[in-house]
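What follows is each chain in one-letter form.
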Amino acid sequence: MRAAVLLPLVLLGACASQPEANPGSYTLGRGLVTYDELKRAKDQCEAAGGVVKPYTAGGNPNQLSNYQCVVGSREKAQ
């Protein structure tokens, strides 16, 4: 019973801490990576002053949710 209550709280804590690391950054969404979707997301990200980068912690590179738009200074994004 405790694990059922504790696990969602731990996961919410992990999600809540990510925006502080990269304020303004966001994932590209759901679905499969296609040329058109990635181009649209890259253009939108660049318009916001960001750079599209894959997450480095594994995952499926064919899913848009494994990519993020890192918004911030160019030194932080590279």
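Up top is the structure.
Below is a short write-up of the structure. (Residues numbered from 1 in each chain as written. Predicted model: local features only at pLDDT ≥ 70, side-chain atom pairs only at ≥ 80, totals over all residues. Heavy atoms only, no water.)

1. So, the state of the cysteines
And then number 1: Applying the stated criterion to the full structure yields 1 disulfide.
And then number 2: Between Cys 45 and Cys 69 runs a disulfide, and the two sulfur atoms are separated by 1.9 Å. Between Cys 45 and Cys 69 the disulfide shows an S-S torsion of about 85°. By sign, it is right-handed. Remark: Cys 69 occurs in strand S3 (residues 67–71) and Cys 45 occurs in helix H2 (residues 35–47); sequence separation between them is 24 residues.
And then number 3: For Cys 45, a relative accessible area of 0% corresponds to the buried category. (Disulfide = S-S within 2.5 Å. Helix = DSSP H or I, 4+ residues; strand = E, 2+ residues; numbered from the N terminus. Buried < 20%, exposed > 50% of the residue type's maximum accessible area, 1.4 Å probe, protein only.)

2. Things to note about the pairing of S3
And then number 1: Extensive coverage of S3 is indicated by the burial of 4 of its 5 residues.
And then number 2: Note that strand S1 (residues 26–27) and S3 share 2 bridges and pair antiparallel. Paired with Thr 27 across the two strands is Gln 68, which belongs to S3.
And then number 3: Pairing analysis gives 5 bridges linking strand S2 (residues 50–54) to S3, with the strands arranged antiparallel. (Pairing = 2+ DSSP bridges.)

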